[in-house]
Amino acid sequence: MAASNSSVASDTSVYEKGEKLRELLDGVIIFRKAGTKPQDNTRSSVSVIFSRGVKREEETAAWDPVINELKSLGIVEEEIFSEILLCEFDREMDVFKDERYHPGEIFKTFNVKDTTLNRILRLSPPQHIDNYIADNMPTYAASRNLYNTVHNTRLSDDSWKAFRKECASLRKPKDDEHRGYGLNQIKAVFTIRHGDREDTILATTVRMCPPLSAVTLLLKECRETLSFVDCPRWGWIPLQYAIQYQASPEVVSALIPTTDDMKLFSTFQQHDFLNDPDYRERTVLHWAGYYHAHLETIKALRKACSNTVLEIKDHCGHLPYETAIWHGSSADIIQAFYEPGLDGHPNFDSVLVKLMRSLTDITLKQSEGSPSSLSIDEMELENETTHYTYCTYNLPSIAARIAKSSRLQKEVEDRLVKTLPTFIRTADIIICVMMLISYHFCAVNFLKMNSTDWIYPLTVAAIYITGREIADLRANNIDWFFSIWNYFDVLTICLLVYSLCHMWVGARDDELNEGFETLVVVTTIFIWTNALTLLRSTFISLGSFVNGILRIAQVLVPFLMVSLFVLLLFGEVFVLGSLNSEVCQQSFHNTTDFCTFGNSLYTTYGQFVGGIELEDYDESSLMKILSGVFGLIVGIILLNVVIAIVSESWTGAVVESKEVFWHARMEFLMLSKLPTEESSLDKFLQGIDDRLSEICKPLWPSKDYWGVFDSFFDRMLSDDVGSFQWQIIFQIRTRLAKKMSSKLIMLKAALLLAIFFSIACIWFVIGLFSIGTLWPRPIRCFILSRSLPLENDLKENSNASNENKKGNILTRQHYSQTSSGIEVQSTKSDSTYQWN
């Protein structure tokens, strides 16, 4: 009974001494607050408030009562000293919302366990006080050393050897040769909070990109630190810091609290860190998108979080997938934050469509202080396109998605045939052709007759391509400098401008014409290559071929280096093997094939690419042996190696070239921002098309137009239900079934085709002179927007064709376009109906 009373008295004494020490710390806090600005008082009373106006001497004087009390406590045993500083008491920690949006507003009040030691450490005590505590408290000394060890660990150190050694020394006796601590209470080492950020060892470790074994060791020693909230300024747990500092997916997975953790630790009962937003109204999924988390990390977080987290918006009004878009994540990362139906998007392609529209459209503006003059559709489009106007983006990943999706390709092509992109692309082609022709005639006339004919069209072309490159630079900003083709374009412009200047000045000064032939040859090569680059980004078939050649050229670089080594090797050995020959001994024959290194190298290269002539090597037995080895290496080994390299690289090159093609098209659309409303020219062209449809209706094979098409050109060129081709075949089959003559239908069809193609040719020429602006949409699509079908589309079309072949009776629904509206008709035939 006496022992029990003694224990209670001892506990009471420890608590009273701890309470007295905390009262002295309140004096330090009050002293610091006296030198702070008024707005700093919005923070918690126990948070660290740095005073820039307080002198160091006054700061030290404020700590004197604390150090005196600690010294009076240091007279007792170490265990009592530790008990006093580690004595727990309740603390209400107010975490405030982001001051930029909600100044002074409390986000959450956490009821946590605090200690006197933690309160001292978050006030950043002077160094002599910190050292005194460490000297009299082995637990804190061990925790401080471990904390400093983690801080001093290099990010390149994957072993964390020093950290493991320090952890192992916690249980070793003090007299051990490895400087052990001999601690019985290991848990306290990991629960001590260091610095003004109140970091535990775990919170500090996860910010250093640790290996999984280090985090597992800390969780094994004290799993409770998983739930420790840091200082009132952030209110984060270690999981959120691991996401911020891009820890490995394994480490993040280890830090995700389990169901048992949620029930066991009080902090998780007060706030759901997985499903609820933090002080900045962001969830862990928002931060994963913000800090470019690994795909496996996002999958682990998605598995732990509920689906409702995907619908939470942060302080900017962004969902998690939108945060990923804003910070330039790849399409795969964005899709990891998406589920069907989220934010009104039925599938992920619709998300990318929205992103592409926002990147390529001109945002609608609404004047301030006046009522909206926009229609409902325009207001929806405004909300859709302004959302990602200033976001960063990962264009290569978007291009990769476009290359695999027919819907995205159609979206891009629909925007490419708008008036402004058509005008720019047609102008590019016309200027490119004009530059090729005018430079050729300028160079020929200048070299032969010193004439400057054709120089004015060439000057116009040079001005145009210079302006295009400047516009490209302004549109892409810093990304422009990361494309090697842009440097090639700049070099082409410099050579072209230099040639123009030479022609303008050289026509009056013959001395400047020396070396002009070399300049013309080099410039011509660059101009033709530039034209090939333009065609590569305009037509996907040619683009696939050109990109495939470039990809193979990159892959062949190591092979070419080995080939050069073999060429130099045999060029030298052939010289050494021929020096004593009769031909090389005669002075007037010392320039023959193998008598000098230069000639030997040139001759060897000729044999390298053109075949081996054995009679060139019959001067001695050594030359015959060398020729045999040369033929084996070049004709058999290297030849088969290059065939294998090209065959293996071509398949991947075609796939990659499609991505590059769509990447170039997206860059072009971003350069030529599109207005969101329909232009007057588009309405004018649509009116002409409607008029053409009315004129040609008397010659149409049927009484009414069937099917729904965007234009009369589409109806004539398509093979779908209701098209010209389909209608001819259907009417002829119907008449034959009724034993009626079809000559009138054939005559009308021939006359309609003649009229249509005549109008199309005239319209094409008119559009060419108007730089594509007067072309109707089908002509624009035919010239500028023809893409290769996808493999999936080919399979679907093949399956559909096979299904059609199985039926004996064909039933189709036709849409008859009449003056009263669209009627649905059902048509049956006795045999399988097919058309190509």
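Placed above this text is the structure.
Rules of the game
Residues numbered from 1 in each chain as written. Predicted model: local features only at pLDDT ≥ 70, side-chain atom pairs only at ≥ 80, totals over all residues. Heavy atoms only, no water. Helix = DSSP H or I, 4+ residues; strand = E, 2+ residues; numbered from the N terminus. Buried < 20%, exposed > 50% of the residue type's maximum accessible area, 1.4 Å probe, protein only. Contact = heavy atoms within 4.5 Å. Areas by Shrake-Rupley, 256 points an atom, 1.4 Å probe, with all protein chains shown as cover. Axes fitted to C-alpha atoms, helices over the stretch in contact; angles between N-to-C directions. Parallel < 35°, antiparallel > 145°, perpendicular 65-115°, else oblique. Left-handed = near helix turned anticlockwise from the far one by under 90°. Nonpolar A, V, L, I, M, F, W, Y, C, P; charged D, E, K, R; others polar. Patch = residues over 30% accessible without salt bridge, like charges linked within 9 Å, V, L, I, M, F, W, Y side chains within 5 Å. Salt bridge = Lys/Arg side-chain N within 4 Å of Asp/Glu carboxyl O. Core = buried A, V, L, I, M, F, W, Y, C linked by side-chain atoms within 4.5 Å.

### What about the overall build of the protein chain?
Then, in step 1: Tallying secondary structure elements over the protein chain gives 38 helices and five strands in all.
Then, in step 2: Within the protein chain, the fraction of its 836 residues that count as buried is 44%.
Then, in step 3: When contacts within the protein chain are restricted to residue pairs at least 6 apart in sequence, those whose partners lie at least 24 apart make up 67%.
Then, in step 4: For the protein chain, the computed accessible surface area is about 44100 Å², with 58% contributed by carbon and sulfur atoms.

### Regarding the packing of helix α24 (residues 419–449) against helix α25 (residues 455–476)
Then, in step 1: Between α24 and α25, whose axes approach to 8 Å, the crossing angle comes to 140°. Relative to α25, the element α24 lies oblique. For the crossing formed where α24 meets α25, the hand is left-handed. Residues I424, A427, D428, I431, M434, M435, S438, Y439 and C442 of α24 form the contact with α25, whose own contacting residues are I455, P457, L458, V460, A461, Y464, I465 and R468.

### Remarks on the packing of helix α27 (residues 516–536) against helix α28 (residues 540–555)
Then, in step 1: At a closest axis distance of 8 Å, the pairing of α27 and α28 adopts a crossing angle of 125°. One element, α27, and the other, α28, form an angle in the oblique class. For the pair α27 and α28, contact is made by L532, L535 and R536 and by L542, G543, V546 and N547, respectively.
Then, in step 2: Tallied by class, the residues present in the contact of α27 with α28 amount to four nonpolar, two polar and one charged.

### As for a nonpolar patch on the surface
Then, in step 1: A cluster of nonpolar side chains, namely I430, F764, V765, L768 and F769, defines an oily patch on the protein surface of about 460 Å² accessible area.
Then, in step 2: In terms of residue count, helix α36 (residues 743–769) provides more of the nonpolar patch than any other element does, four residues in total.
Then, in step 3: Mapped onto the elements, I430 comes out in helix α24.

### A closer look at the nonpolar core
Where a protein is soluble and globular, its nonpolar side chains tend to be buried together.
Then, in step 1: In this structure, F190, L239, L255 and L301 are the most contacted members of the largest nonpolar core, which totals 89 residues.
Then, in step 2: For this core, the leading source of residues is helix α20 (residues 348–360), giving seven residues.
Then, in step 3: Excluding its chain neighbours within four sequence positions, the residues that come into contact with L301 are L239, I243, V252, I256, V284, L285 and A288.
Then, in step 4: M435, C442, A461 and V520 belong to the second largest nonpolar core, which has 26 residues in total.

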